[in-house]
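The residues making up each chain are set out below.
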Amino acid sequence: MGAAGVGLVDCHCHLSAPDFDHDLDDVLEEAKKVNVMALVAVAEHSREFEKIMQLSERYNGFVLPCLGVHPVQELPSEDQRSVTLKDLEVALPIIERYKDRLLAIGEVGLDFTPRFAGTDEQKEEQRQVLIKQVQLAKRLNLPLNVHSRSAGRPTVSLLREQAETCKTVAFNFYMLRNRFTCTRTSKTGAK
């Protein structure tokens, strides 16, 4: 990648994670040194939204914000669990507030790992949460940043179904994480 003007885009990173709280500036400077031109910061839950938006303001044009509700939720008072429609209800007003500043809706998707979605009811609720976020993305004319684990075919099938229901201009969905990630922003070694 030594050519001038050629750079990388990390299309899926979790910069709002507490792991980056103490040295985010250093991590971002290192990313720039290795020719990363932009970082797509994705959310997992609504408690991260404000931090992602603040990072996108602070690093304007370098940190690009995505807001969405991940299929697996981790809450301070409990272990990880499957997403619910209630999680989405809390998130939607915040997404609406920032809709004009978003790069995409994400991280959204399906995760049918048995410890997170062990029942048909949990899988169906994940599907409903994803459908509502796909519809939101279509309405806002934004792409999706999609997560899929143990649910590849159901995820692609659902996205195809939703794309076919769009009556306006063809809706493009982007499965960025697994297909186009050039680099990841991650910490190596202890600091």
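Reference entry: report on the structure contained in this document. Treat the numbers as computed from the prediction; the structure is a model and nothing was measured.

Side note on the pattern of salt bridges
Move 1: This structure, assessed with the given rule, holds eleven salt bridges.
Move 2: The partner of Glu50 in a salt bridge is Arg97, with the nearest N and O atoms 2.8 Å apart. Pair noted here: Glu50 is in helix 2 (residues 49-58) and Arg97 is in helix 3 (residues 85-98), with a separation of 47 residues, a long-range link.

A word on helix 5 (residues 152-164)
Move 1: Its 13 residues give helix 5 an end-to-end C-alpha distance of 18 Å, which sits within 8% of 18 Å, the value for a rise of 1.5 Å per residue.
Move 2: Of the positions making up helix 5, those classed as buried are Thr155, Leu158, Leu159, Gln162 and Ala163. Across the axial projection of helix 5, the buried residues extend over an arc of 135°, all falling on one side. Residues of helix 5 that are exposed and angled more than 90 degrees away from the buried face: Arg153, Arg160 and Glu164.
Move 3: Looking at the buried side of helix 5, the elements it contacts are strand 6 (104-111), helix 4 (120-140) and strand 7 (144-149).

Looking at helix 3
Helical geometry: 3.6 residues make up each α-helical turn, so side chains three or four residues apart lie on a common side.
Move 1: Compared with the 20 Å implied by 1.5 Å per residue over 14 residues, the 20 Å span of helix 3 between its first and last C-alpha is a close match.
Move 2: Maximum bend of helix 3: about 30°, positioned at Ala91, with proline Pro93 one to four residues after it.
Move 3: Among all positions of helix 3, only Asp87, Leu88, Ala91, Ile94, Ile95 and Tyr98 are buried.
Move 4: Elements in contact with the buried residues of helix 3: helix 2, strand 3 (63-67), strand 4 (72-74), strand 5 (80-82), strand 6 and helix 4.

Some details on the packing of aromatic side chains
Move 1: Summed over all chains, the structure comprises zero aromatic pairs.
Move 2: Here the basic side chain of Lys32 rests over the ring of Phe62, its NZ or CZ set 4.8 Å away from the ring centre.
Move 3: The cationic tip of Lys123 hangs over the ring face of Phe112; the distance from NZ or CZ to the ring centre is 5.4 Å.

Calculation notes
Residues numbered from 1 in each chain as written. Predicted model: local features only at pLDDT ≥ 70, side-chain atom pairs only at ≥ 80, totals over all residues. Heavy atoms only, no water. Salt bridge = Lys/Arg side-chain N within 4 Å of Asp/Glu carboxyl O. Helix = DSSP H or I, 4+ residues; strand = E, 2+ residues; numbered from the N terminus. Expected span 1.5 Å × (residues − 1). Buried < 20%, exposed > 50% of the residue type's maximum accessible area, 1.4 Å probe, protein only. Arc of directions from axis to C-beta. Contact = heavy atoms within 4.5 Å. Bend = angle between axes of the 7 residues up to and from the residue. Phe/Tyr/Trp six-rings, centres within 6.5 Å; stacked < 30°, edge-to-face > 60°. Lys NZ or Arg CZ within 6 Å of the ring centre and 35° of its normal.

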